[in-house]
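The residues making up each chain are set out below.
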Amino acid sequence: MGFAGAALRPVVAARPLRFTPHDFRRIFATDALRAGIPPHIAAKILGHADLNTTMGYAAVYPEDTVSAHRAAIARRRQLRPGEAYRELSPEEWEEFLGHFELRKVALGVCTRDFGAPCVHEHACVRCPALRPDPAQHGRLTEILANLRDRLAEAEQQGWHGEITGLEVSIAGAERKLHTMSEMTARHGPVHLGMPDFHGVVGRLKTDKEETACS
Ligand code: SF4
């Protein structure tokens, strides 16, 4: 067995490494997983009932992460048809770029897949493919108010064919407004707890007053 687990403890100059019996279990777990033993088999050998315990024993080295990722990409390239790696014609490239230009809609960005048509008849308010833009909060608030007015009118006039559709649109608009508010809150400024200007002025005044009094 290689001593990959030596990295588990910091090496202090001029002092021999000391291993406890438990360290050898950790070294074994790391070495077994690096050697390609599946985690559930390593767990059996170590006598762990929970796979998470085994994974907690294993040291993951940066070079393992890089080489495992590269190997996964190489495997995926082998499985993909060679056609997927050919040079694009100028027309195909234009079409590809055009798709992303057409994704910008009034309330945000349409996230439908490349080559996929809009199957929701551009009813973006109720469409799950819309990624709302928080800057359009005001516009969506107006749309929602208008939808509610239309629903009230439809109920008053007995236009039952309109009511269900309007209710779906209102629910979609409310969800998107909520998402916009969450996005704004997530990306809003973070208060670092610095003293504000008024506090500083107040303190300076007090200092001056104290000087004048002395
Ligand atoms: S309705 Fe949906 S799929 Fe169609 S443009 Fe709007 S967000 Fe995109």
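Our subject is the structure listed above.
Thresholds, definitions, all that
- Residues numbered from 1 in each chain as written.
- Predicted model: local features only at pLDDT ≥ 70, side-chain atom pairs only at ≥ 80, totals over all residues.
- Heavy atoms only, no water.
- Phe/Tyr/Trp six-rings, centres within 6.5 Å; stacked < 30°, edge-to-face > 60°.
- Helix = DSSP H or I, 4+ residues; strand = E, 2+ residues; numbered from the N terminus.
- Buried < 20%, exposed > 50% of the residue type's maximum accessible area, 1.4 Å probe, protein only.
- Lys NZ or Arg CZ within 6 Å of the ring centre and 35° of its normal.
- Salt bridge = Lys/Arg side-chain N within 4 Å of Asp/Glu carboxyl O.

Participant: What is the right way to read the packing of aromatic side chains from this model?
Facilitator: What describes a pair of aromatic rings is the distance from one ring centre to the other and the angle between the planes of the rings. What the rule picks out here adds up to four aromatic pairs. Ring centres of Trp-93 and Phe-96 lie 5.6 Å apart, and the angle between their planes is 20°; this geometry places the pair in the stacked category. Placement of the pair is Trp-93 and Phe-96 together in helix α5 (residues 90–101), with a separation of three residues, close to one helical turn. Residue class for Phe-96 comes out partly exposed when judged on its relative accessible area of 29%. Taking the centre distance of 5.2 Å and the plane angle of 70° together, the rings of Phe-96 and Phe-114 count as edge-to-face. Here the residue Phe-96 occupies a position in helix α5, and Phe-114 occupies one in the loop between β2 (108–110) and β3 (130–132), the gap between them amounting to 18 residues. Grouping aromatic residues by their ring pairs yields a cluster made of Trp-93, Phe-96, Phe-100 and Phe-114. In this structure, Arg-26 packs its charged tip against the face of Tyr-57, placed 5.0 Å from the ring centre.

Participant: Explanation requested: the pattern of salt bridges in the structure shown.
Facilitator: Close approach of charged atoms allows side chains with opposite charge to pair. Counting across every chain of the model gives three salt bridges. A salt bridge links Asp-64 to Arg-34; its shortest N-O distance comes to 2.8 Å. Residue Asp-64 is located in helix α4 (residues 62–79), and its partner Arg-34 is located in helix α1 (residues 21–34); the two are separated by 30 residues in the primary sequence. Note on Arg-34: relative accessible area 42%, which makes it partly exposed. Between Glu-174 and Arg-148 there is a salt bridge, with its nearest N and O atoms 2.6 Å apart. Of this pair, Glu-174 sits in helix α7 (residues 160–187) while Arg-148 sits in helix α6 (residues 137–157), placing them 26 residues apart in sequence.

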